[in-house]
Amino acid sequence: MSLIRKFLFKNKKHINGLIHVGANVGQEVPMYFEITNSNIYLFEPLDSAFEILKDKYGNLQNVKLYNFGLGNKNQEININVTQSNFGSSSSVLKPTGHKKYFPEINFETVESIKIKKYTDVPDIYANFLLIDVQGYELEVIKGFEDKLKNFKFIITEISRKEIYENGVLIYDLDKYLNSEGFLRIKTSWVSNKPTGDAVYINKKDLNPPLIFIYHLKSKFTLSKIYLFLNLFKNRKKLIFVIKEQIKNLWSKNML
């Protein structure tokens with residue numbers, strides 16, 4: 001069970017509304033239906049993905065659909081689009097390290113999309129925020145401004161190396177969210193890539209001892225020891241890493 005699924009099930013009694021920014025074609029929506037009867041708000045700026053969302057869930061009363069993305073300003077902006085995975089790796093940021101870590105995914109086209117600040121979107125009542133925007137996470141969060149304090153949890157993709165140009169790294173995301181009253185309490189890294197998922201909690205719901213414990217835990221999940229042990233989480237991916245290292249050494253010796 002993924003970090004997101006496990007965490008949502010464990011905390012389902014606390015959900016009074018769920019926002020998913022970068023919903024794509026709604027792959028996670030059936031899981032949300034299992035967990036909550038609260039309103040589900042889906043933001044997806046790509047027209048092709050949004051049409052699929054509308055066909056699937058447009059007639060459901062508790063699902064609200066928005067054909068634009070969220071960010072720190074209202075604007076029209078270009079997005080780099082992938083076709084091979086329903087556009088789920090598409091990003092308004094230029095792919096850089098993405099080519100190294102995900103060579104099987106290509107960015108074929110560029111489209112124009114709309115971005116709005118969350119503060120300019122009316123009539124949303126939610127306390128769970130999920131973000132899947134390929135390096136653009138911090139810009140999305142900044143657009144919430146003072147409304148961010150209304151959220152209990154933020155679940156987001158994270159990265160410790162550049163995957164997209166100017167994409168936020170976990171160190172800066174931690175720093176900003178901490179200044180806004182949130183603390184990272186759960187972290188799941190992919191075993192052979194510098195990406196993963198994280199859960200942040202509003203610190204007003206924690207007592208001081210727990211804040212201290214979670215702070216230490218969040219630091220440990222960035223340590224070299226933790227990341228080394230994380231390599232052994234998945235045997236197939238560990239073998240892949242070893243093969244890649246051997247290829248790199250062979251290439252260097254052949255030059």
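Refer to the preceding data block for the structure.
This structure is a prediction, so every number in the text was calculated from the model and none was measured. (Residues numbered from 1 in each chain as written. Predicted model: local features only at pLDDT ≥ 70, side-chain atom pairs only at ≥ 80, totals over all residues. Heavy atoms only, no water.)

S.K.: Teacher, can you tell me more about the overall build of the protein here?
M.R.: Within the protein, the secondary structure is distributed over 9 helices and 10 strands. Against the 2.2 N^0.38 benchmark of 18 Å for 255 residues, the protein shows a C-alpha radius of gyration of 19 Å, consistent with a compact globule. Reported as C-alpha extents along the three principal axes, the dimensions of the protein are approximately 60 × 50 × 35 Å. Put simply, the protein has 255 residues, and 48% of those count as buried. If you sum the accessible surface of the protein, you get close to 13900 Å²; carbon and sulfur atoms cover 54% of it. If the 37 positive side-chain charges of the protein are averaged to one point and the 26 negative ones to another, these points end up 10 Å apart. (Helix = DSSP H or I, 4+ residues; strand = E, 2+ residues; numbered from the N terminus. Rg over C-alpha atoms; globule rule 2.2 N^0.38 Å. Buried < 20%, exposed > 50% of the residue type's maximum accessible area, 1.4 Å probe, protein only. Areas by Shrake-Rupley, 256 points an atom, 1.4 Å probe, with all protein chains shown as cover. Lys, Arg positive; Asp, Glu negative; His and termini not counted. Charge placed at Lys NZ, Arg CZ, Asp CG, Glu CD.)

S.K.: Just to check I follow, could you spell out the environment of Glu44 for this structure?
M.R.: For Glu44, the location among the structural elements is in the loop between strand 2 (40–43) and helix 3 (47–57). Here the alpha-carbon distance between Glu44 and Phe68, two residues 24 residues apart in the chain, equals 5.5 Å. Those residues within four positions of Glu44 in sequence are excluded, and the remaining contacts are Gly22, Ala23, Asn24, Ala49, Phe50, Leu53, Tyr66, Asn67 and Phe68. Of note is the side chain of Glu44, whose polar atom sits 3.0 Å from the backbone nitrogen of Leu46. (Contact = heavy atoms within 4.5 Å. Polar contact = N/O pair within 3.5 Å; in protein donor to acceptor, adjacent residues only side chain to side chain.)

S.K.: Help me understand a nonpolar patch on the surface in this model?
M.R.: Nonpolar side chains collect at one region of the surface, where Phe220, Ile225, Phe228, Leu229 and Phe232 lie side by side and expose about 550 Å² of accessible area between them. Considering the arrangement of structural elements, one finds Leu229 in helix 8 (residues 224–230). For Leu229, a relative accessible area of 52% corresponds to the exposed category. (Patch = residues over 30% accessible without salt bridge, like charges linked within 9 Å, V, L, I, M, F, W, Y side chains within 5 Å. Salt bridge = Lys/Arg side-chain N within 4 Å of Asp/Glu carboxyl O.)

S.K.: Quick question: what am I supposed to make of the packing of aromatic side chains here?
M.R.: Any two aromatic rings considered together are summarised by their centre-to-centre distance and by the angle between their planes. All told, the structure shown has 12 aromatic pairs when counted by the stated rule. Taking 6.4 Å as the distance between ring centres and 90° as the angle between the ring planes, the aromatic pair formed by Phe107 and Tyr164 counts as edge-to-face. With Phe107 in strand 6 (residues 107–116) and Tyr164 in the loop between strand 8 (153–159) and helix 6 (170–179), the pair connects residues that are 57 residues apart, well separated along the chain. Relative accessible area serves as the criterion here: at 22%, Phe107 is assigned to the partly exposed category. Given the relative accessible area of 4%, Tyr164 is considered buried. An angle of 70° between the planes, with centres 6.0 Å apart, marks the rings of Tyr118 and Phe151 as edge-to-face. In this pair, Tyr118 sits in the loop between strand 6 and strand 7 (128–131) while Phe151 sits in the loop between helix 5 (137–142) and strand 8, placing the two residues 33 residues apart along the sequence. A network of ring pairs unites the aromatic residues Phe7, Phe128 and Phe153 as a single cluster. (Phe/Tyr/Trp six-rings, centres within 6.5 Å; stacked < 30°, edge-to-face > 60°.)

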